[in-house]
Every structure is written in structure tokens, then in C-alpha cells.
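Understanding the architecture of this molecule
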Amino acid sequence: MARLLQELVESFRIAFGQIRANALRSVLTALGVIIGIVAVTLMGTAINGIDIGFNRSLAMLGEDVLYVQRWPWRRVDDWWNYVNRPPLEVETAERLNRVIEATPESLLEVAVPVATRGTSVRAGELRLGGVMLFGTTGDYARIVTTDVAEGRMFNDVEASVGRPVCVLGSTVAENLFPGRSALDQQVQIRGERYTVIGILAKQGEFLGLFSFDNQIVAPLNAVRRQAGGRANLELRVKVRDKTRLAAAEEELSGAMRRVRGQLPGERDNFSINQQQAFKEQLDPIKAGIALAGLFITGLSLFVGAIGIMNITFVSVKERTKEIGTRKALGARRRTILLQFLIEAVSICLIGGLVGLGVTLAASLALGALLPALPIAFSPGLMAVSVLVSIVTGVVSGFAPAWGASRLDPVVALRYE
Amino acid sequence: MVIRIEGVTKLYRMGAETIHALRGVNLEIRRNEYLAIMGPSGSGKSTLMNMLGCLDTPSAGRYDFNGKDVARMVDDELAEIRNREIGFVFQTFNLLPRSDALHNVELPLIYAGLSPAVRRERALVALRNVGLGDRIHHKPNEMSGGQRQRVAIARALVNHPSILLADEPTGNLDSRTGEEIMALFEDLYEQGHTIIVVTHEEDIARHARRVVRLRDGLIESDGPVP
Ligand SMILES: Nc1ncnc2c1ncn2[C@@H]1O[C@H](COP(=O)(O)OP(=O)(O)OP(=O)(O)O)[C@@H](O)[C@H]1O
Ligand SMILES: [Mg+2]
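This one's a predicted model, so the numbers in the text were calculated from it and none came from an experiment.

1. A closer look at the overall build of chain A
Across its full length, chain A carries 14 helices and 12 strands. At 33 Å, chain A has a C-alpha radius of gyration far larger than the 22 Å of a compact globule built from 416 residues. Expressed as a percentage of the 416 residues in chain A, the buried residues total 49%. Taking the contacts inside chain A whose residues are at least 6 apart along the sequence as the reference set, 77% of them involve residues at least 24 apart. Accessible area for chain A stands at about 20200 Å²; split by element, carbon and sulfur atoms hold 61% of it. Considering chain A, the positive charge centre built from 45 side chains and the negative charge centre built from 38 side chains are found 7 Å apart.

Right, dumping it as C-alpha cells:
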């Protein structure tokens, strides 16, 4: 045991002496491994980043909210099956809530009607376009993930009478009332005056596409009165237990069919959407990145492994006489095998560490340039890189090291 | 009794040709002998030496080292004997070029599994014994041929072997330096070491107490130095 330890220490010593003495050769040899490790870690970082960014955005939609709408959140090839679906109404929500209440141990909590439309908004001289206007009831507070930062949400009475009050997203508030509080101020939406009674906390962008802070929430009846019924209505249904989303979706589907009075065998005339649908669309993108990354990694590691095998063969050849001398002094086969294996592994490890450093620097630089980009450089990736480097070293160094260990000492000593 | 060889032969096959490097050699060497092996080039001196040093195994015949049959040993056992029982000195010194004298001398002790502190201490003693106590951090290319051979001798002796084997130890040295090395061997012999030297120089062989002459793979004569 002591002997193995001393041999290992000596092997590392030889390996690093050898690498130092042939620095350029070693670096060039390690290049394949460096590229391989950079590829695999960059890929991992990208996929992690996408996942984190995506989950962050999806959380804004509400992990425990199901959306009942006319259209599904995916591309459809048979649009004609959807266009004639009946629109969702406020009564649909009311009847749905009655069904939910009547169901013992329902997985659903409440259904909230939400009308959405794009609009522009004015306050004095300032005008803001491309704002999402949500018309809804007092239950809205129960389904959204945002808190009201200032002021309050409108209550059920205000909602049902359609009082012209509104809650602003943080971006809207900042833009229309720069440097002062928007609370109790008036805004004009399509010519009608609304009083600001609350301001939402900041949420951030959804997938970098649009901002959740660029919204206004107002009583549904106020919005509908104005829109003349043209606002697009959807139902948002809160689920009691988000770990049982699938079962909840099933219950909701049955409840909707009862509300709609649909016959058995008849196709649903509504769609139930949830954030999961987005996730599934993301999977092929992630798979594509993984495939490309693995391909580049595999290719460069293969090339790197061949280079290291070659350099180890050269190293064995150059030091044949030294191998003979070491054997004459009592080195066993195992000793020689270890010596050259460790040399190959050391080159790979150095390559792997350089690769990790490159990726780390690249992600730090990218993170500084684009702060919105979620960069996730995980310890798991580091472990994988080190492991991959070691395996590459062992695989590529084994054949030459084995050959060296089997050399006949007399033949090796005679080698010139 | 250290070594007994009986009817040892060694064949090398070179394609269709078979070379008889040794054709049946009998030899006994006792503790604290000083033996010179002589003979013309190609007579099998180095082959015999490699056999004695357990670097090679006989094609036929029997070789007992300290009463154990070497022919039956596996590779690791042979390595063990080379490490503990035999000290090699080569004509071309065979030092590791990038290591200093101290590390070169420590090598056999590494393979013996000794700790760094013990290694260092014993290597220092061995280097002092060959008169190189002030050169321990010199690399081989920073030393003269004679000094290099002294480092090699220190390395051969550092693990206290039963025998010291030297194949033409003065072959790469001028005659004065060669004499210095032989004087060192004389000291070692007087301290009780067993020494076997291969040489084809009569002047060198005269230092030994017994001379074995080889010719064409056979022992031609074996007797005390006149
Ligand atoms: N590995 C080998 N393969 C083939 N033939 C060999 C091998 N080693 C030695 N021989 C042959 O065996 C014979 C004895 O060689 P050896 O090296 O023992 O001679 P030597 O007495 O040491 O000669 P020198 O004084 O020149 O060193 C020679 O004919 C040589 O050609
Ligand atoms: Mg010879």
C-alpha cells in the first residue's frame, strides 16, 4: 500500500515534469480535450439557462392555473374545428363555479373570467401604447402570482358595478407618472377616465418577448361596457394542489362539458391550456442543442483521445531506455503502466481544466453583457467535465502504457 | 551461497537463425566475492550478467538466487529481487536526465515503498559514501562522467543489495577516472559487498579476486587473479 502511494506520487511527479519539459507539445495535444470540454460545458450551461429562464417566465403564468379558452396554445392544422366554438361568457364562469362548489373534494378552487385586449393609455400629455388591459373580477387577486405593491385591488362590489378604477403594472405606472406616485391619479383608456387604486409589483419579461409589467387590470364590467362585448374572454381556474394538475385538468374538462351541456362522444368545444404546453414546445429545442453539443464534444474528444494516444506512444518510445532502467531498479509492470496512464490522464485533466476555465470566463463575460440571460454554470457540469477528462485519458493512454509495462527489460535497456 | 547456475543456456531466435548466446554455463558465486567476467565481444558476457541480475531468464538450466529458483518466478517477484537484492551499474550510467543526483539515487527506494524522509536520508548517505555529498542537487548533465558513474553506484547500493553488478562500468570513462571507480569498488569489496564486474580490459580485471573467462557462450576458465 505504501509502495503504491509512493509510486503514484512519483508518477505524478514524472508526468508533470514531462508535461513541463514538452509544454507546447502537451498543449497542442490537449487542444482536442479543451474543445470537447468547452463544448459539453457550454451546452450544459445553455440548456440550464434556458430551463431556468423558462421556468421563471412560466411561473408568471401561474403554476397552479389552468386557462379555459377557445384556442389551444399550440399550432393547429384544423382551424375550422375551432373558429365556430362558442365564446366563453361570464355566465360560463359563474356556472362553472357552482359546479366546483357542488363537487365534493374538488381539485379546483375558483374560476375567474378575464377579458384581454390591447390598448393604449393616457395620463395628461403622456401616452403609452401596446398595453395589455385585463378586465376581471375581484377574484383575480386569488389567481395571479403578483402582489399589489401600492394601494389595493378592486373589490367584488366595484367589479360588479363596473366602477372605473384600475390597477397599473409597474412599467405603466413608471412611464405615465415618472418620478411620482400614480396612486389616486386619473388615466384615460379609450376615452374613459379610470382612477388608479393600486400598482402591481414588478415581475419582469416573459421569455424576453413581452413584459408582464406592461398591463392594466380593471373591473370586467367596465372593460366590457367600453368594448361593447368585443373583448376576448377567457377563464382562469385555480387548482388547489399543483402537484395534481393532470387530475385537476380532467375534472375541469368534465365540469366544462356539464356547463356546456355537451353529449358523451361529442368533442370538447373549448380548450384547457396550461404552462406545461410551453415546456413541451421547448423540448425539441433543448434536444437540438444537446445533440449538437454532444456531437461536437464526441468528435473533439475522439480527436483529442487519438492525439493523446499518439503522444503517449511517442513518449514511451522516447523513454524506452528509461523504462528499462526503471525496471532494472525494481519498477514492476504496474508501476510503468501507472506512470504512463497518469501522464495521459494529466494531459487530459489539464485540458479539461483549461476548457472549464474558458467556459467559466465566457459565461461570466456573457452574463456581464446580457444580464437578463440566466447563466447557470453548475457544479454538476464541473464534475462531469473532470470525469470525462479522466476517462478520456485512461482510454487513450491505456494501449501505449500497457505496451510500456510489458517491455522486456533487456530489450528496453538495449534500445538506443 | 548467493548464486548457483547449472547448465544455463540462452537462445535468441533471429528469424530462421538461432543464436546461442550461452551454451551451458555452470557458476557458483559466494557472498563477498569480487569477480571479473571477461571475454571477447559477443562471447555472452552481458547475456550472463542480465541473467544474474534477473533481468532475463535462462532458456534452459537452473538458476538459484539465495536458494530460490529464478526460472519459476513471475515478473513481480523478479522486480522485487532486482529492487532488493541487486544493484546495477551500467556502462552508460543510465541516470534520469531531468532528475538531480538525489532523486536518481532515491529511485530504488521509491519502488521499495519507503517514505520521502527515509529515502532522502539514505540517498544522502549513499551519495556521501561515493564522495558526492556536495553534488546532491546536480543534474547528470552538470556532472563529469566519473561523477555520473558514482551517482549510479550510489543508486545501486542505496537499497543494500546482496550483489553489485557492473557491466563495463569504466567503458565510457578515461583510464584515470576508471581507476578511481575501481578504487571505489575495492573499498566496497573490503566493506563486505559482493561485486561482479564485466570488462574486457585486463587492467580492470586485475582489481578482482577471481576471473571467469567466456568464449562463445561457454566458460573457458575460472580461477583466482594471478
Ligand atoms: N536481444 C538479442 N537478440 C538477438 N541476439 C542477441 C541479443 N542479445 C544478444 N544477442 C547475441 O548474443 C551474443 C552474446 O551477446 P552479449 O551482448 O552477451 O555479448 P557481450 O559478451 O556482452 O559482447 P560485448 O563485449 O560486445 O558487449 C551475441 O552474438 C549477440 O549478437
Ligand atoms: Mg556486453
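From this point, the narrative continues.
2. Examining the overall build of chain B
In terms of regular secondary structure, chain B is built from seven helices and 10 strands. At 17 Å, chain B has a C-alpha radius of gyration in line with the 17 Å of a compact globule built from 226 residues. Along the longest, intermediate and shortest principal axes, the C-alpha atoms of chain B span 50 × 40 × 35 Å. Total accessible area on chain B stands at roughly 9800 Å², and carbon and sulfur atoms take up 46% of it. Positive and negative side-chain charges of chain B, numbering 28 and 31 respectively, have mean locations separated by a distance of 3 Å.

3. Quick notes on the confidence of the model for chain B
Taken residue by residue, chain B gives an average pLDDT of 93. The fraction at 70 or more is 100%. Among the scores for the predicted complex, ipTM is 0.95 and pTM is 0.75.

4. Section: the site of ligand 1
Around ligand 1 there are 14 residues in total, and B:Ser41, B:Gly42, B:Lys45, B:Ser46 and B:Thr47 lie nearest to it. Among the chains of the assembly, those with residues near ligand 1 are chains A and B. B:Ser41 places a side-chain nitrogen or oxygen 2.4 Å from an oxygen atom of ligand 1. Within the side chain of B:Thr47, an N or O atom sits 2.6 Å from an oxygen atom of ligand 1. Burial of ligand 1 by the protein chains amounts to 71% of its free accessible area of 630 Å².

Cut-off values and rules
Residues numbered from 1 in each chain as written. Chains lettered and ligands numbered in written order. Predicted model: local features only at pLDDT ≥ 70, side-chain atom pairs only at ≥ 80, totals over all residues. Heavy atoms only, no water. Helix = DSSP H or I, 4+ residues; strand = E, 2+ residues; numbered from the N terminus. Rg over C-alpha atoms; globule rule 2.2 N^0.38 Å. Buried < 20%, exposed > 50% of the residue type's maximum accessible area, 1.4 Å probe, protein only. Contact = heavy atoms within 4.5 Å. Areas by Shrake-Rupley, 256 points an atom, 1.4 Å probe, with all protein chains shown as cover. Lys, Arg positive; Asp, Glu negative; His and termini not counted. Charge placed at Lys NZ, Arg CZ, Asp CG, Glu CD. pLDDT = per-residue confidence, 0-100. Near = heavy atom within 4 Å. Polar contact = N/O pair within 3.5 Å; in protein donor to acceptor, adjacent residues only side chain to side chain.

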